[in-house]
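Structure at a glance
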Amino acid sequence: MSRDAALPDASALLEVRDLRKSYGDNVVLRDIDLTVQPHDVICLIGSSGSGKSTLLRCLNLLEEIDDGVISFAGREISDPRIDRREVRRHIGMVFQSYNLFPHLTVLDNCTLAPRRVHGVPKAEAEERARDLLARFGLADQAEKHPDRMSGGQQQRAALVRALCTRPTLLLLDEITAALDPELVGEVLTIVRELAEQGTTMILATHEMAFARDIATTVCFLDEGRILEHGPPAEILSSPREERTRRFLARVLPQT
Amino acid sequence: MIPEQTDGEDAWRPSSRELERRDVRRSLRRRSLAVATVATVVFFVAVWVVTVSSPGWPTVEATFFSGHDARAAMPSIWHAFWRYNVLLFLLGEALILVLAMVVALVRQSRTPLLLPLRIVAIVYTDLFRGIPTILLVFMLAFGMPALNLQGITNSLFFWGLVALVLSYGAYVAEVIRSGIESVHPSQIASADALGLTRFQAMRYVVVPQGVRRVIPPLLNDFVSLQKDTALVGAAGLFDAMFAARDYANFYFNFTPYTVVAGYFIVLTIPLARLTDHLQHRAMERERQGAR
């Protein structure tokens, strides 16, 4: 994270400069600067409505931005002439409400994009999906339809679906928000594993303890701005801004 | 289009990159508009040229598109169209919706007491969907008066209407039922959890969602019904189709049929646009990410 860097960082995987997003008169993101190096794990924290989800949606071009520049792997992807599908081949996203396709089995959910978008042969795509499902404790769920599984299982399946395309960057949008504490642990263990393997991730989360554990950088968002950012120890223990302190006082477990 | 920002504290000016980007977006939009325009014009001109340059066109034009005959036949067709077809279809649509909803709900119900009605509903849909509408029109329009029952009308209009309602009621009931069944069971569970009765759950939660999903096929059935009002003409009601046939047989010119087609189309299009609009509005209101 280097807000004052004048020159674009050549080694960065993702770089955001002065990003702005509004819906009509309602400005939801402003002056967003963010640099993500390979193997970084960026945690976005902040209250609901602070713009975390919108930021993630902007990054894989689900939302058209109103100003600023987003570069991915050295190429500006906020250019209107860019092929969005080509960009999304390399970015995985997991949604808060899973968004699995209910008419497909878990296995088919996981092999759809590899087969149809990436041209992976059926047998190979299925092998890859079964491997990942097994790793995430879902080996026996492959033939089930999503609606038949628990929330934690669905969210793990959604993670597997995103991983099956081998993305260079993974965006996770409050993926534990709809889960009960026990299931949260189930999902977070997997995210932690991914982080340890060096997967580059940006995640919006309300799990502060988790952010402290795995993040390389924590960004605190407030009213559409990144109010402050830095290593988790710094942001979560001795925040510079009063606003951050108040937020943390409310969400951190009292000791 | 992005509105200019005017709040003083956050005096945002679009960066030069953004301005450049807007130019690109504008030119991309202009390009797709140009492509759309050219494609449309070329397509329709081609269709027109092929039709008009075909060897038989003068004959077809004189038989089906004669301005003189159109003008001459129009008043009587117009009168018959309003008097019978439009009335049949307006009354029919209202009655069909009521009948179909009742049948669909009865088929859905699991109350033991309603079992006999469920059987009736199943037999009704199976039977009446299978009978060609025109046969039903003939059977009721000619058969009922022939029974010579006291206090039963001989009106062609009435029995034609009943035939259409019975026939389309069976179709529409199945469409509505498929909509009701497409609503996720968790919706019924949450209605149950709120203490709603089964009927209330249907009335306030399931049916509104289900019906909304089947509006396009429902519209399909209603457009089809509008056209099938002409079947009552086959049984002798002096509707638009009958009026056209009357003229065509007398003057050996088919233009009145084209006029009838025109009336039916004019009746259908506003309805189609209205339902599109309503659906789109509901989508935008209820679904994030809908465009």
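This structure is a prediction, so every number in the text was calculated from the model and none was measured.

**Concerning the overall build of chain A**
Regarding its fold elements, chain A presents 9 helices and 10 strands. Scaling as 2.2 N^0.38, a compact globule of 255 residues should have a C-alpha radius of gyration of about 18 Å, and chain A matches this with 18 Å. Looking at chain A as a whole, 56% of its 255 residues are labelled buried. Surface accessibility of chain A: about 11,500 Å² in total, with carbon and sulfur atoms responsible for 48%. When the 32 positive and 39 negative side-chain charges of chain A are each reduced to one mean point, those points stand 3 Å apart.

**Remarks on the environment of B:Tyr251**
All names here are of chain B. Along the chain, Tyr 251 falls in helix H11 (residues 240–251). By relative accessible area, which is 47% here, Tyr 251 ends up partly exposed. Taking C-alpha positions, Tyr 251 is 59 Å from Phe 199, a pair spaced 52 residues apart along the chain.

**Concerning the interface of chain A and chain B**
In this complex, chain A contributes 19 residues to the contact, which on the side of chain B involves 17 residues. When chain A packs against chain B, close to 1,500 Å² is buried across both sides, 40% of that on carbon and sulfur atoms. For chain A, the biggest contributors to the area lost against chain B are A:Arg20, A:Asp67 and A:Pro80; these three give 34% of the whole. At the surface where chain A touches chain B, the tally comes to 4 salt bridges. A salt bridge links A:Glu64 to B:Arg25, with the nearest nitrogen and oxygen atoms 3.5 Å apart. Connecting chain A to chain B are 10 residue pairs in polar contact (both at pLDDT 80 or more). Going through the elements one at a time, strand E2 (26–36) and strand E4 (67–72) of chain A are the ones with two or more residues in the side of chain A that touches chain B. If one sorts the elements of the side of chain A that touches chain B by residue count, E4(A) sits on top with 3 residues.

**Some remarks on the confidence of the model for chain A**
Within chain A, residue pLDDT values average 89, and 95% of them lie at 70 or more. Counted against residues more than four places away or in other chains, residues 1–6 of chain A, with its pLDDT under 50, gives 11 contacts.

**Details of unusual backbone geometry**
Residues and elements named next belong to chain A. Of note in this structure, Tyr 98 is not a glycine but carries a positive phi near 65°. Within the secondary structure layout, Tyr 98 lies in the loop between strand E6 (91–94) and helix H3 (106–116). Its identity is not glycine, yet Glu 223 carries a phi of approximately 45°, on the positive side. Residue position: Glu 223 is located in the loop between strand E9 (217–222) and strand E10 (225–230). Given a relative accessible area of 63%, Glu 223 falls into the exposed group.

**What about the packing of aromatic side chains?**
Residue and element names in this part refer to chain B. Here the structure, examined in full by the defined rule, presents 17 aromatic pairs over all chains. Arranged with centres 6.1 Å apart and planes meeting at 45°, the rings of Tyr 84 and Phe 157 form a pair that is tilted. Taken together, the residues Tyr 84 in helix H3 (residues 67–108) and Phe 157 in helix H6 (residues 156–181) connect sequence positions 73 residues apart. Ring centres 6.0 Å apart and planes at 35° place the aromatic pair Phe 254 and Tyr 257 in the tilted group. A residue is classified by how much of its surface remains accessible, and Phe 254, at 38% relative accessible area, is partly exposed. Connected via pairs of aromatic rings, a cluster forms that spans Trp 78, Phe 81, Trp 82, Tyr 263 and Phe 264. Arg 245 extends its terminal NZ or CZ atom over the ring of Phe 242, reaching a point 5.0 Å from the ring centre.

**Describing the pattern of salt bridges**
On inspection of all chains with the given rule, the structure shows 31 salt bridges over all chains. With its nearest N and O atoms 3.9 Å apart, the salt bridge here joins A:Arg89 to A:Glu86. Via salt bridges that share partners, A:Glu64, A:Glu76, A:Asp79, A:Arg81, A:Arg84, B:Arg17, B:Glu18, B:Glu20, B:Arg21, B:Arg22 and B:Arg25 belong to a single interconnected network.

**Re the side chain of B:Thr275**
All names here are of chain B. Mapped onto the elements, Thr 275 comes out in helix H12 (residues 255–286). Residue classification places Thr 275 among the buried positions, given a relative accessible area of 14%. The contacts of Thr 275, once residues within four sequence positions are left out, are Ile 215 and Leu 219.

**Observations regarding the pairing of E2(A)**
Residues and elements named next belong to chain A. In terms of burial, E2 is largely enclosed, as 9 of its 11 residues are buried. Of the strand pairs in this sheet, strand E1 (residues 14–23) and E2 are connected by 7 bridges, and their pairing is antiparallel. Within E2, the position partnered with Val 16 by the bridge is Leu 34. The turn linking E1 back onto E2 is made up of 2 residues, and Gly 24 within it adopts a positive phi angle of 65°.

**Thoughts on the pairing of strand E3 (residues 41–45) of chain A**
Strand residues, when the strand is regular, have side chains that alternate between the two faces of the sheet. Residues and elements named next belong to chain A. By the criterion of burial, E3 is predominantly enclosed, with 5 of the 5 residues buried. Here E3 shows two buried faces, one formed by Val 41, Cys 43 and Ile 45 and the other by Ile 42 and Leu 44. Both E3 and strand E8 (residues 201–204) contribute to a ladder of 4 bridges, which runs parallel. Counterpart to Cys 43 in the pairing with E8 is Leu 203.

Reading the values: the criteria
Residues numbered from 1 in each chain as written. Chains lettered and ligands numbered in written order. Predicted model: local features only at pLDDT ≥ 70, side-chain atom pairs only at ≥ 80, totals over all residues. Heavy atoms only, no water. Helix = DSSP H or I, 4+ residues; strand = E, 2+ residues; numbered from the N terminus. Rg over C-alpha atoms; globule rule 2.2 N^0.38 Å. Buried < 20%, exposed > 50% of the residue type's maximum accessible area, 1.4 Å probe, protein only. Areas by Shrake-Rupley, 256 points an atom, 1.4 Å probe, with all protein chains shown as cover. Lys, Arg positive; Asp, Glu negative; His and termini not counted. Charge placed at Lys NZ, Arg CZ, Asp CG, Glu CD. Contact = heavy atoms within 4.5 Å. Buried area = accessible area lost by both parts, 1.4 Å probe. Salt bridge = Lys/Arg side-chain N within 4 Å of Asp/Glu carboxyl O. Polar contact = N/O pair within 3.5 Å; in protein donor to acceptor, adjacent residues only side chain to side chain. pLDDT = per-residue confidence, 0-100. Phe/Tyr/Trp six-rings, centres within 6.5 Å; stacked < 30°, edge-to-face > 60°. Lys NZ or Arg CZ within 6 Å of the ring centre and 35° of its normal. Pairing = 2+ DSSP bridges.

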